[in-house]
Amino acid sequence: MFFSFVDELRAAGIPASMKEHLILLEALDAAVIAARPEEFYYLARATFVKDEGLLDRFDQVFGKVFKGIETSYGTEAVPIPEEWLHKVAELYLTPEQMEEIKSLGSWDEIMEALKARLGEQKGRHQGGSKWIGTGGTSPFGAYGYNPEGVRIGQDGGRQGRAIKVWDKREFRNLDNSKELGTRNIKVALRRLRRFAREGAAEELDLDATIDGTARRGWLDIRMRPERHNAVKLLLFLDVGGSMDPHIKVCEELFSAAHSEFKNLEFFYFHNCVYESVWTDNRRRHSERTPTWDVLHKFGHDYKLVFIGDASMSPYEISHPGGSIEHFNEQAGAVWMQRMVNTYPSAVWLNPLGEQYWGYSQSIGLIRALMQDRMYPLTLEGLDEAMRTLSRKN
């Protein structure tokens, strides 16, 4: 099993040497972990994975090789209640019925109503138009309909009308191994280049060696630092929710950025940047980086690139508390303004078709915060964005 595991890792492009295989076996012989699949997973991942961009591929290989390894360890199977296995029937309304349902009003009115009903409601509620429940026309709950409301505990958006979502979501890291669909996109990224020779002298300088040898009369070997792209790039990637249909193109761009820029730092966010960001979607609830730390750590000479569809409730940008999954004390617009002020060379790449931008209030707000430096994630848009970053200092 372990040999096939190593072979599968290599086939997936993860460098797995015999040395690492022996280290894993040695650790198992020394009983450094308990005999549980979860602990073996983390031990194997720590042994073989040296680049966070390979984490997703490692998970796929591990799931393929060790599928079915988990057992009940002697516990008896407990039947799952049937009601847990079936989602409550969703409510489908005619257009005329939808037109009759009225919104509660502004953001403040909706949030005050939710607070009041949380205090009053004592149990589960299904259907209806007031309480927090499922399958009704209340502004609060899941699998129902209301022009504006708070979605709670639903596995995905249906109407696209919620002004806030309360739910814990799991996102997947982007894979930096994905090859771009066309060479033209790679060429567009290469417009943002500024070559320099920095660091240790590790590369043979053939011309200087020949010149020095001719002048001195003996072999005079000259070395020089390796030539590389000196542009510093700070990449912020929107993940989850409405970005799921755009995973492929974002992975392609993420992969190209890894190959083109030696000085690349990346972070994930969801919908809008707030007081913290993260680098691993599996640990985004426990390991976050304060946005203030990012602003203070990376200098003004970094080029800033956001990748996201900017499609969200406008309250997520304009109001405190509008963020998904947590209460943000400061509005998203405040943090976006800080980012743009700190990094004057900044653009936003939007995978959503430009013809749809005018229909979304949130896209208009983000474009204004970016000083209209939003470009479609197309060949032409990417080329124009790189030209803009090249002009900015």
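Above this note sits the structure.
Since we're looking at a predicted model, the values are computed, not measured.

### Focus on the overall build of the chain
Looking only at helices and strands, one finds 15 helices and 13 strands in the chain. In the chain, of all internal contacts separated by at least 6 residues, the share reaching a separation of at least 24 is 65%.

### Some remarks on the environment of V294
Note on placement: V294 falls in helix α11 (residues 291–297). Given the relative accessible area of 1%, V294 is considered buried. Note: C-alpha distance between V294 and E265 (29 residues apart in sequence) is 9.9 Å. The residues touching V294, leaving out its near neighbours within four places in the chain, are L234, F236, F267, V277, T289 and Y343.

### Details of the packing of helix α2 (residues 18–29) against helix α3 (residues 37–48)
Running from amino to carboxyl end, α2 crosses α3 at an angle of 145 degrees, the nearest separation of the two axes being 9 Å. Read as a crossing pair, α2 and α3 show a hand that is right-handed. Judged by residue contacts, E20, H21, I23, L24, A27 and L28 of α2 engage F40, L43, A44, T47 and F48 from α3. Tallied by class, residues from the contact of α2 with α3 come to eight nonpolar, two polar and one charged.

### Some thoughts on the nonpolar core
Among the nonpolar cores identified, the biggest contains 29 residues, and L234, F236, F306, W348 and I366 are the most heavily contacted of them. Contributing elements (two or more residues each) for this core: β7 (232–238), β8 (263–269), α11, β11 (303–307), α13 (332–342), β12 (346–350) and α14 (361–369). Ignoring sequence-local partners within four residues, the contact set of I366 consists of A310, M312, I317, W348 and M374. Listed in part, the 25 residues of the second largest apolar core include V239, W278, I307 and L382.

### A word on the pattern of salt bridges
Scanning the model with the defined rule gives 13 salt bridges in all. Note that D220 is salt-bridged to R222, the shortest N-O span being 2.9 Å. It is possible to trace a salt-bridge network through shared partners that takes in D56, D59, D280 and R282.

### Structural notes on the packing of α3 against helix α4 (residues 55–65)
With their axes 11 Å apart at the nearest point, α3 and α4 run at an angle of 135 degrees to one another. In terms of orientation, α3 and α4 fall into the oblique class. Of the two possible hands of crossing, α3 and α4 adopt the one that is right-handed. Of α4, the residues touching α3 (which contributes P37, F40, Y41, A44, R45 and F48) are L55, F58, D59 and F62. Residue composition of the contact of α3 with α4, by class: eight nonpolar, no polar and two charged.

Analysis parameters
Residues numbered from 1 in each chain as written. Predicted model: local features only at pLDDT ≥ 70, side-chain atom pairs only at ≥ 80, totals over all residues. Heavy atoms only, no water. Helix = DSSP H or I, 4+ residues; strand = E, 2+ residues; numbered from the N terminus. Contact = heavy atoms within 4.5 Å. Buried < 20%, exposed > 50% of the residue type's maximum accessible area, 1.4 Å probe, protein only. Axes fitted to C-alpha atoms, helices over the stretch in contact; angles between N-to-C directions. Left-handed = near helix turned anticlockwise from the far one by under 90°. Nonpolar A, V, L, I, M, F, W, Y, C, P; charged D, E, K, R; others polar. Core = buried A, V, L, I, M, F, W, Y, C linked by side-chain atoms within 4.5 Å. Salt bridge = Lys/Arg side-chain N within 4 Å of Asp/Glu carboxyl O. Parallel < 35°, antiparallel > 145°, perpendicular 65-115°, else oblique.

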